[in-house]
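# A structural walkthrough
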Amino acid sequence: MLATTLMMKKYLFLFSLFALGAIMSAQSLQIDLLKKELNDHAKEDIFRVNKLNELAFDLSVMPEDRSKFATEAVSISNKINYPEGKGKALVSLALVKGREGNAAEFSRLLKEATVISEKTRNTELKASIFIVEGMVNDNLQKKLMFLLKADSVAARSSNLILQSRAKYLLANTYVTAFSDYEKAIDYNFKALHLAELANDPKSLIICWTGLGNIYAQIGDQKNALLYLNKAENANQTFKDLGNEYLLQNALGERYRLSGNYPEAIKAYNKGLEVGKILGTNSSLNESNLADVYTRMNNLPLAFQYANSALKGATQINDVGGEEWIYGILSRAYLKDGDPDRAVYYANLGFSSAKKSGGTENLRDNALALSEAYAKKNDYKNAYENRLLYIKYRDSIMNDEVRNRTAVEQYTYNINKKEAQINVLNEQKKGQRNLLIGALSLLLLIFTVADLLFKNNRQKQKANKLLEVQKQEIDEKAKALSDQKDNVELLNNIGRKITSSLSIEKVIGTVYKNVNKLMDANVFGIGIYNDQLKTLEFPCTYENGKPLPFYSNSVDDENRFGSKCFKEGKEIIQHNLAKNYKNHLQEIEMPDKGLQAVSVIFLPLIVKGKKLGVITVQSFKENAYSEYQLFMLRNIAIYTAIAIDNAESYEELNHTLSTLKETQKQLIQAEKMASLGELTAGIAHEIQNPLNFVNNFSEVSAELVDEMNAELGKGDIEEAKAIAMNVKQNLEKINHHGKRADAIVKGMLQHSRSSKGVKEFTDLNALCHEYLRLSYHGLRAKEKSFNAMIKTDYDETIGRVEIIPQDFGRVILNLLTNAFYAIDEKAKSGIKDYEPTVSVLTRKENKKIVIKVSDNGNGIPKEIAEKIFQPFFTTKPTGKGTGLGLSMSYDIITKAHNGELLVECEENKGTTFSIIIPV
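This is a predicted model, so every value here is computed, not measured. (Residues numbered from 1 in each chain as written. Predicted model: local features only at pLDDT ≥ 70, side-chain atom pairs only at ≥ 80, totals over all residues. Heavy atoms only, no water.)

### Some remarks on the overall build of the protein
Along its length, the protein carries 31 helices and 15 strands. Relative to its full complement of 918 residues, the protein shows a buried share of 46%. Contacts in the protein between residues at least 24 apart in sequence constitute 64% of all its contacts with a sequence separation of at least 6. For the protein, the exposed area adds up to about 47,500 Å²; of that, 52% sits on carbon and sulfur atoms. (Helix = DSSP H or I, 4+ residues; strand = E, 2+ residues; numbered from the N terminus. Buried < 20%, exposed > 50% of the residue type's maximum accessible area, 1.4 Å probe, protein only. Contact = heavy atoms within 4.5 Å. Areas by Shrake-Rupley, 256 points an atom, 1.4 Å probe, with all protein chains shown as cover.)

Pasting the structure below:
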């Protein structure tokens, strides 16, 4: 299965590249019909151009023929002024040039086609341009981007085949490049549905084949065969030999993966027959046949097809194919009893893969080398290549991080012991045969007493020897069984240890499992504190009871833990009293409890980083066996990984908390910055009502004096008239006082945190209020600044449910940016430039639209896509935080379920549009 995975990926990649047709000059009824129509219609008109373009964009036609058809289509289109036809022909020519590797010509042709698509607004042409960009681009992310654009544009056209084609290419890209089977199946079924609506046989065959491949990849062989059989049956009517070639190879792959080798051989042979008709390179089919025959032990045919496939792969410079075929030859020679040649071909495959970087071929050839060396009894090289195989296997599978060196060494020892047992069994069998012969001889010479006595003694000795050997074999078999069980146990322990992200839980899990495997009277894990330069033991156990936290300096030379950590070496003492001087000058006696006699300290190291130590101690002498040490070493590896994961997780949480706090501070700073923008405008606005209040107060005081004078004269009527004037003045004072009060309340509302509660608000009034405030704010800072303000409010909008504080911040931010833009352009001294800011509101299709426009310098296109990103600003250093538009975008899109869009034209101006649902 490991080897077949490589070829499956290779096949799918080929198929996705050439999904629109075969990889060779295919013969089909459709192509023949198109060519006949061209021959029958020699007139240079739109009909002929369209037929030429159909042939030029069909990959089942040879590249030189497609180039010829496209060139003729361009020529005729120029004569009859048919830009759409010319654009499609240019796209086909670009595809040919791109496949040839002519990047400059490819780019030029597509640019010319793009100009035509923009002028004609032809969605089919635009979609075809994006499809070709995706097909030729080697960068997987860019390939996906272009194909997504192609799908989006094609959906706006009425061409169902084009829509199906775009979705199919997306499906293949998701499965081959990103292994995203869910999206791949979704897009493939959508492509199939469109192909059914269009009733296009070729599109149906392509979609069914694609689905068959995807289902095979996820292990659903039943559905894989269902869809591939549909494609095969349909192609019997359609009669496209290019599709037939690919289908037979795909069917062969499905049968091979499911172990149905006879059917796989039948499909591959059909593919080879079609390949001969087409004159195509069939190294892919032949290599697959070689693999199947190797698995079936039909070695003559395996060698025949492998050598032929190798020759074909070399001709087309298929390095990946060569590496795969070398692996097949290695396995075949190993089965043929020729380990030397097996080593030779596996070495070729491994060396080639090392240069090309083919990790899967490195893995498979390393495995082949390991098995070949083992056959030669070269256990050293077998073991080394086995390690390489595990290394590459783990890097491909991206499994749990494991250091399995010790386990592989142990497995190697087990295999040697099993081989020894087989030898002993053979000896026992031979001895039994010898015993039977001896008994027969005893019967023949029974009358000879002397010989009978000797043979009887020989029989007794043989029986004793056989009994001893039987006991040895039984003991070794039991030991092997127990050790294999413990390897499984080790894997389970590793999963439990590495599943936790809490250091305390990790220590508890390790102790619980170590205590089952060995005598752990004392157990502890010391974790290195880099700041204090200490080993900290958060949870140590003695006779099953946890001890209080304690720590040691890593420079304390009389501590086993410190020595073990600093030197990164194991310390193992089976009799502490006799051997401690090998490591320490003196040994400190414990304050309480017993002194350990057998002591183990192992360093905890992961990725070259020393994390701490693990210790297990017993009050008995020679308490630990080599096997227990082996198990503890592996547990130490898992423990180091788990502690590293836990520390990384803790650091990540701390960093996340810091980022959240910083984000809050930055948001508050941005709010205060916007409040600062308001200050000057508010000062100007509030000054007017205060002036009115002061003036009318003074006038009212004078009127009261006059009224008292008239009352003194006894002129009641005049006094009443003056009183009426005083009342009117008081009303005006009250009006302007409320105006000032409203401005202050608006400022306070803007400055305080929003509770996120929506209220019905006069949107036009809100926009106009912030328009005046932002304008006067800039005027207060720049006395020379003047601008024309245009407003166009839709009075039918009425009151809209919004969060006033947040929405006001968005309006203020957009207006402040607009005034800043026109001020910067005005300072550049452009003649006859009239700075203008416009605000427009509309109610359209159950949506409210607010547009803030300016005629400033505009925003370059390459920058426009970034302006809503946090901390991105076009203003000079110190004049902008880069958070205003980011906050505005979040307020509109998240809090109000709306959209914030920008349209800009360099040197002409910018328009921001807020769209919210009613």
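### Observations regarding the environment of Ile916
You can see Ile916 is positioned in strand 15 (residues 909–917). A relative accessible area of 3% means that Ile916 is categorised as buried. As for Ile916 and Glu899, which are separated by 17 residues in sequence, their C-alpha atoms are 6.5 Å apart. The contacts of Ile916, once residues within four sequence positions are left out, are Val800, Ile802, Phe807, Lys847, Ile848, Ile892, His896 and Gly898.

### So, the nonpolar core
The biggest cluster of nonpolar side chains holds 115 residues, and the ones touching the most others in it are Val91, Ile325 and Leu329. With 9 residues, helix 11 (residues 201–217) is the single largest residue contributor to this core. With sequence-adjacent residues up to four places away left out, Val91 is seen in contact with Phe57, Leu110, Ala113, Leu125, Ser128, Ile129 and Val132. Formed by 40 residues, the second largest nonpolar core is a distinct cluster that contains Cys767, Tyr833, Ile892 and Phe912. (Core = buried A, V, L, I, M, F, W, Y, C linked by side-chain atoms within 4.5 Å.)

### Let's talk about the pattern of salt bridges
In the structure shown here, the tally under the stated rule is 30 salt bridges. Here Glu112 and Arg108 are joined by a salt bridge, their closest N and O atoms 3.4 Å apart. Taken together, the residues span about one helical turn, with Glu112 and Arg108 both in helix 6 (residues 103–120) at a distance of 4 residues. Classification of Glu112 as partly exposed rests on a relative accessible area of 27%. (Salt bridge = Lys/Arg side-chain N within 4 Å of Asp/Glu carboxyl O.)

### Overview of the packing of helix 3 (residues 46–56) against helix 4 (residues 63–80)
One way to put it is that helix 3 packs onto helix 4 with a least axis distance of 8 Å and a crossing angle of 155°. In terms of orientation, helix 3 lies roughly antiparallel with respect to helix 4. In the packing of helix 3 onto helix 4, the handedness of the crossing is left-handed. Residues Ile46, Arg48, Val49, Leu52, Asn53, Leu55 and Ala56 of helix 3 form the contact with helix 4, whose own contacting residues are Arg66, Phe69, Ala70, Glu72, Ala73, Ile76, Ser77 and Ile80. Broken down by class, the residue content of the contact of helix 3 with helix 4 amounts to 10 nonpolar, 2 polar and 3 charged. (Axes fitted to C-alpha atoms, helices over the stretch in contact; angles between N-to-C directions. Parallel < 35°, antiparallel > 145°, perpendicular 65-115°, else oblique. Left-handed = near helix turned anticlockwise from the far one by under 90°. Nonpolar A, V, L, I, M, F, W, Y, C, P; charged D, E, K, R; others polar.)

### Points about helix 6
An α-helical turn contains 3.6 residues, so any two residues separated by three or four positions project in the same direction. Between its first and last C-alpha atoms helix 6 spans 26 Å; for 18 residues at 1.5 Å apiece the expected length is 26 Å, and the two agree. If you check which residues of helix 6 are buried, you get Phe106, Leu109, Leu110, Ala113, Ile116 and Ser117. For helix 6, the buried positions fall inside an angular range of 115° around the axis, keeping them on one side. Every exposed residue of helix 6 that faces more than 90 degrees away from the buried side is listed here: Ala104, Lys111, Glu118 and Lys119. Buried residues along helix 6 sit against helix 5 (83–100) and helix 7 (123–136). Directly after helix 6, the chain includes Arg121, whose backbone phi takes a positive value near 55°. (Expected span 1.5 Å × (residues − 1). Arc of directions from axis to C-beta.)

### What to know about the packing of helix 16 (residues 299–315) against helix 17 (residues 319–335)
Axes are the key here: two packed helices are described by the angle between their axes and the distance separating the axes. The contact between helix 16 and helix 17 brings their axes to 10 Å, and the two run at 160°. Considered as vectors, helix 16 and helix 17 are oriented roughly antiparallel to each other. Seen along the crossing, helix 16 lies across helix 17 with a hand that is left-handed. Together, Leu299, Phe303, Ala306, Asn307, Ala309, Leu310, Ala313 and Thr314 of helix 16 and Gly321, Glu322, Ile325, Tyr326, Leu329, Ala332, Tyr333 and Lys335 of helix 17 make up the contact between the two elements. Split into classes, the residues belonging to the contact of helix 16 with helix 17 amount to 11 nonpolar, 3 polar and 2 charged.

### Considering helix 17
Here helix 17 is 17 residues long and its end C-alpha atoms lie 25 Å apart, about the 24 Å a rise of 1.5 Å per residue gives. In terms of burial, helix 17 is largely enclosed, as 13 of its 17 residues are buried. Count one or two residues on from helix 17 and you reach Gly337, which has phi positive near 80°.

### Let's talk about the environment of Leu59
Examined against the element boundaries, Leu59 turns out to sit in the loop between helix 3 and helix 4. By relative accessible area, Leu59 is classed as buried at 4%. Sequence spacing of Leu59 and Val96 is 37 residues, and the spatial spacing of their C-alpha atoms is 9.4 Å.

### Description of the side chain of Asn235
Of note, Asn235 is situated in helix 12 (residues 221–238). Once residues within four sequence positions are removed from consideration, Asn235 is found in contact with Ile205, Asp240, Asn243, Glu244 and Leu247.

### Comments concerning the pairing of strand 8 (residues 609–618)
Among the 10 residues in strand 8, 8 count as buried, and that is most of the element. With 9 bridges connecting them, strand 7 (residues 598–606) and strand 8 associate as antiparallel partners. Its bridge partner lying in strand 8, Phe601 is registered against Thr615. Turn length for the strand 7-strand 8 hairpin, with the two strands adjacent in sequence and antiparallel, is 2 residues, and the turn residue Lys607 shows positive phi of about 55°. (Pairing = 2+ DSSP bridges.)

### Section: the packing of aromatic side chains
Inspection of the entire model under this criterion finds 17 aromatic pairs. Ring geometry for Tyr293 versus Tyr305: centroids 5.9 Å apart, planes at 10°, classification stacked. In this pair, Tyr293 is assigned in helix 15 (residues 283–295) and Tyr305 in helix 16, connecting sequence segments 12 residues apart. Like Tyr293, the residue Tyr305 is buried in the burial classification. Pairing Tyr627 with Phe630 gives two aromatic rings, centres 6.4 Å apart and planes at 35°, and the pair type is tilted. With a gap of 3 residues between them, Tyr627 and Phe630 both fall in helix 26 (residues 626–713), about one helical turn apart. On the basis of relative accessibility, which here comes to 22%, the residue Tyr627 falls in the partly exposed class. The rings of Phe303, Tyr326, Tyr333, Tyr344 and Tyr345 are connected pair by pair, giving a single aromatic cluster. Geometry around Tyr187 places Lys190 over its ring, the cationic atom sitting 5.6 Å from the centre. Of note, Lys610 hangs over the ring of Phe565, and the distance from its end group to the ring centre comes to 5.3 Å. (Phe/Tyr/Trp six-rings, centres within 6.5 Å; stacked < 30°, edge-to-face > 60°. Lys NZ or Arg CZ within 6 Å of the ring centre and 35° of its normal.)

### Concerning the sheet that holds strand 14 (residues 899–905)
Strand order in the open sheet formed by 5 strands is 10-12-13-15-14, with mixed pairing between adjacent strands. Only two strands of the sheet have a single partner each, and these edge strands are strand 10 (788–792) and strand 14. Between one strand axis and the next, the sheet turns through 10° on average, direction left out of account. Packing against the sheet, helix 29 (residues 804–827) makes contact with strand 10, strand 12 (836–844), strand 13 (847–854), strand 14 and strand 15, and its axis sits at approximately 25° to strand 13.

### What about a negative patch on the surface?
Together, Glu698, Glu702, Asp705, Glu706, Asp715, Glu717 and Glu718 give the surface a local cluster of negative charge. If you list the elements that add at least two residues to the negative patch, you get helix 26 and helix 27 (716–751). Relative to the helices and strands, Glu717 resides in helix 27. By relative accessible area, Glu717 is classed as exposed at 56%. (Patch = residues over 30% accessible without salt bridge, like charges linked within 9 Å, V, L, I, M, F, W, Y side chains within 5 Å. Lys, Arg positive; Asp, Glu negative; His and termini not counted. Charge placed at Lys NZ, Arg CZ, Asp CG, Glu CD.)

### With respect to the side chain of Arg66
With respect to the secondary-structure elements, Arg66 resides in helix 4. Accessibility expressed as a relative area gives 4% for Arg66, which makes it buried.

### Looking at unusual backbone geometry
The phi torsion at Asn81 lies on the positive side, around 55°, for a residue other than glycine. Of note in this structure, Asn907 is not a glycine but carries a positive phi near 70°. The topology assignment puts Asn907 in the loop between strand 14 and strand 15. Of the residues examined, Asn907 reaches a relative accessible area of 54% and is grouped as exposed.

### Details of the confidence of the model for the protein
In this model, the protein carries an average pLDDT of 78, and 75% of its residues clear a pLDDT of 70 or more. Confidence drops under pLDDT 50 across residues 1–27; counting only partners more than four residues distant or on other chains, this segment forms 96 contacts. Segment residues 397–419 is flagged for pLDDT under 50; beyond a separation of four residues in sequence, or across chains, it makes 36 contacts in the model. (pLDDT = per-residue confidence, 0-100.)

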